[in-house]
Amino acid sequence: RFGVAKRLQLIKGLLFLEKDLLFASTEKRGFYKLNMKTGQLDTFGFKVGNVEEYYLAMYGMERLNDNEILVGTLSFGLIKFNVAKGTFSWPKGVLQKREGILFNTVNQIRKDHAGRFWVTSNYFRLAEYLPEYDSVVTRQPDPYSHYGFDDNNASCVYEDRQHNIWIGTSLNGSYHFNPNRKRVQFFSENDFVPGALQKGKVFSIA
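Keep in mind that what you see is a predicted model, and the values were worked out from it rather than measured.

(A) Spotlight on the packing of aromatic side chains. Under the counting rule described, the total for this entry stands at 10 aromatic pairs. Ring centres of tryptophan 118 and phenylalanine 177 lie 5.6 Å apart, and the angle between their planes is 80°; on these two criteria the pair is classed as edge-to-face. Taken together, the residues tryptophan 118 in strand S10 (residues 117-121) and phenylalanine 177 in strand S15 (residues 174-177) connect sequence positions 59 residues apart. When sorted by exposure, tryptophan 118 lands in the same class as phenylalanine 177, which is buried. An aromatic cluster is defined as three or more aromatic residues linked by ring pairs; in this entry it consists of Phe23, Phe31, Phe81 and Phe88.

Here it is in structure tokens:
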């Protein structure tokens, strides 16, 4: 089984849907399905309209239900993959293929303890996917808002044991909030202040 797994190039994310069924998102060949029991490996091309099949660079993944997975991509935002049919679709909202945005990137997706889906993106900061509406909502930059601010993308997301949602960014360090409280705490970047984060992108929080 590990010989088959080595064929996956530049793995970005791994997700077990069932006991023996592993999905891998990659930079080179898009999206793989690996049956750990039989060793069978399948890859799925992507079509937009009548355009011929090609492969997306894919990043984070999260299980939506027994038949569907949410997948983040380099250029085309958030995609929903139907495991049974082998098909892709876009939720409604800003995280789609968009003219004028070359890299409408979704870096990571995380389902929290309450079943909410948090999505980090390059251009639209922290977003939330609403399964009941099959739609993505975002918080707009607003100086009086707890969540929206300018010049910021969101690179990673994590939920801690107190159910705080932690967000890593490229330009503004990291911050966390609790969805049940209207309060956000920022951890800023400064190379010259003891205890502050070094300047640079926050790739992961755990």
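(B) Layout of the pairing of strand S7 (residues 78-82). With respect to burial, S7 is a largely interior element, five of its five residues being buried. Side-chain alternation along S7 places Leu78, Lys80 and Asn82 on one buried face and Ile79 and Phe81 on a second face that is also buried. As defined by bridge partners, strand S6 (residues 68-73) adjoins S7 across five bridges and the pair is classed as antiparallel. Its bridge partner being in S7, glutamate 68 is matched across the sheet by asparagine 82. Joining the antiparallel neighbours S6 and S7 is a turn of four residues, in which glycine 77 adopts a positive phi near 70°. Summarising the sheet, S7 and strand S8 (residues 87-89) pair through three bridges and their orientation is antiparallel. In the sheet register, asparagine 82 faces S8, and the bridge partner there is threonine 87. In sequence, S7 turns back onto S8 through a hairpin of four residues, with glycine 86 there showing a positive phi of about 70°.

(C) Expanded view of the environment of alanine 127. As for its position among the elements, alanine 127 is in strand S11 (residues 126-130). With relative accessibility at 0%, the residue alanine 127 sits in the buried group. Each C-alpha atom, one on alanine 127 and one on valine 94, is 9.5 Å from the other, the two residues being 33 residues apart in sequence. Filtering out sequence-adjacent residues up to four positions away, alanine 127 remains in contact with Leu95, Phe117, Trp118, Val119, Val136, Val137 and Thr138.

(D) Region of interest: the pairing of strand S2 (residues 21-26). Within S2, six of the six residues are buried, which leaves it mostly tucked inside the rest of the structure. Going residue by residue along S2, you find Leu21, Phe23 and Ser25 tucked away on one face and Leu22, Ala24 and Thr26 tucked away on the opposite face as well. Bridging between S2 and strand S3 (residues 31-35) involves five bridges; their strand directions are antiparallel. Each residue of the ladder has a partner; that of leucine 22, found in S3, is leucine 34. Counting the residues that bridge the hairpin from S2 to S3 gives four residues, and of these glycine 30 lies at a positive phi of roughly 75°.

(E) Layout of unusual backbone geometry. Although it is not a glycine, arginine 125 sits at a positive phi angle of roughly 55°. With respect to the helices, strands and loops of the structure, arginine 125 is situated in the loop between S10 and S11. Judged by relative accessible area, which is 8%, arginine 125 ranks as buried. The backbone of aspartate 134 shows a phi angle near 45°, a positive value even though the residue is not glycine. Take aspartate 134: it is sitting in the loop between S11 and strand S12 (135-138).

Parameters and conventions
- Residues numbered from 1 in each chain as written.
- Predicted model: local features only at pLDDT ≥ 70, side-chain atom pairs only at ≥ 80, totals over all residues.
- Heavy atoms only, no water.
- Phe/Tyr/Trp six-rings, centres within 6.5 Å; stacked < 30°, edge-to-face > 60°.
- Helix = DSSP H or I, 4+ residues; strand = E, 2+ residues; numbered from the N terminus.
- Buried < 20%, exposed > 50% of the residue type's maximum accessible area, 1.4 Å probe, protein only.
- Pairing = 2+ DSSP bridges.
- Contact = heavy atoms within 4.5 Å.

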